Amino acid sequence: AQSVTQPDIHITVSEGASLELRCNYSYGATPYLFWYVQSPGQGLQLLLKYFSGDTLVQGIKGFEAEFKRSQSSFNLRKPSVHWSDAAEYFCAVGANTNAGKSTFGDGTTLTVKP
Amino acid sequence: GAVVSQHPSRVICKSGTSVKIECRSLDFQATTMFWYRQFPKQSLMLMATSNEGSKATYEQGVEKDKFLINHASLTLSTLTVTSAHPEDSSFYICSAATGYTEAFFGQGTRLTVV
């Protein structure tokens, strides 16, 4: 069975500071990995995804993530956080036979200080 | 890009009544649709997977008689919460996939049972 752990429940960063959100996954083969962002009361917006190839993935809104197989990690990064980045972030893993059937982590709430 | 529309975005119903939520893929044909449930401040939990023209596959612990899923066409899946009770109040999100690589999410439906 696949699983995802997001160790940080809540992170606070100052506007303009760098950000890293952690994600560890468990899956028996090469997984499909996703990062989503959710604003209160809204659906999910896909930030980026990893299927194969280059392990450093670029996404929207200036986000990037790095797949590290040896550490079973897929951490999300942004060099300079904007106040509008405050939201809930979810890491998800999908089976390579049906990536749409995703297992989500518990999420990390990002607060941005002015 | 691929657009998935959910309707309604918010619904309030009386205890004991049934409510139907629609999930439509607007610009692609979805062979598979997924239904998730999200409690406040929590992650998304997969409820069921539906393939067009066949019965839905429910996750363990999900009552199939309470949460009726129909995927009658390649662009429409519906979730009917039957005999709704206050504990069914939640945020329901659908996603739709055209293949095995990723699914696209709707904006969610906030169900409140009073």
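Preceding this paragraph is the structure being described.
These notes cover the structure that comes with them. Worth saying up front: this structure is predicted, and the values here are computed from it rather than measured.

Quick notes on the rules
- Residues numbered from 1 in each chain as written.
- Chains lettered and ligands numbered in written order.
- Predicted model: local features only at pLDDT ≥ 70, side-chain atom pairs only at ≥ 80, totals over all residues.
- Heavy atoms only, no water.
- Contact = heavy atoms within 4.5 Å.
- Buried area = accessible area lost by both parts, 1.4 Å probe.
- Salt bridge = Lys/Arg side-chain N within 4 Å of Asp/Glu carboxyl O.
- Polar contact = N/O pair within 3.5 Å; in protein donor to acceptor, adjacent residues only side chain to side chain.
- Helix = DSSP H or I, 4+ residues; strand = E, 2+ residues; numbered from the N terminus.
- Disulfide = S-S within 2.5 Å.
- Buried < 20%, exposed > 50% of the residue type's maximum accessible area, 1.4 Å probe, protein only.
- Pairing = 2+ DSSP bridges.
- Axes fitted to C-alpha atoms, helices over the stretch in contact; angles between N-to-C directions.

### Concerning the interface of chain A and chain B
On the chain B side, the residues contacting the 21 residues of chain A number 20 residues. Carbon and sulfur atoms supply 52% of the area buried between chain A and chain B, which totals about 1600 Å² over both sides. Together, Leu44(A), Gly100(A) and Lys101(A) form the three largest contributors to the area buried by chain A at its contact with chain B, with a combined 27%. Inspection of the chain A/chain B interface yields two salt bridges. Between Lys101(A) and Glu59(B) there is a salt bridge, and its shortest N-O distance comes to 3.6 Å. For the pair chain A and chain B, the interface holds six residue pairs in polar contact (both at pLDDT 80 or more). Elements with a contribution of two residues or more to the side of chain A that touches chain B: β5 (32-38), β6 (45-50) and β11 (98-104) of chain A.

### Comments concerning the state of the cysteines
Residue and element names in this part refer to chain A. For the structure shown, the criterion picks out two disulfides over all chains. Paired by a disulfide, Cys23 and Cys91 hold their sulfur atoms 1.9 Å apart. The disulfide joining Cys23 to Cys91 has a torsion of about -60° about its S-S bond and is therefore left-handed. Of this pair, Cys23 sits in the loop between β3 (19-21) and β4 (24-26) while Cys91 is found in strand β10 (residues 87-95), placing the two residues 68 residues apart along the sequence. Cys91 matches Cys23 in its accessibility class, with the two residues each being buried.

### Describing the sheet that holds strand β1 (residues 4-7) of chain B
Residues and elements named next belong to chain B. Strand order in the open sheet made by the four strands is β1-β3-β8-β7, with antiparallel pairing throughout. Of all the strands in the sheet, just β1 and β7 (67-73) have a single pairing partner and so form its edges. Sheet twist, expressed as the mean angle between neighbouring strand axes with direction ignored, is 15°. Inspection of the sheet shows β7 paired to strand β8 (residues 76-81) by five bridges, in the antiparallel sense. Following the sheet pairing, Ile69 is matched in β8 by Leu79.

### Describing the pairing of strand β2 (residues 10-13) of chain B
One face of the sheet, then the other: side chains in a regular strand alternate in exactly this way. Residue and element names in this part refer to chain B. Covered by surrounding structure in β2 are Val11 and Cys13 only, the residues Arg10 and Ile12 on the alternate face being uncovered. Inspection of the sheet shows β2 paired to strand β11 (residues 109-113) by four bridges, in the parallel sense. Among the inter-strand pairings, Arg10 is bridged to a residue of β11, identified as Arg110.

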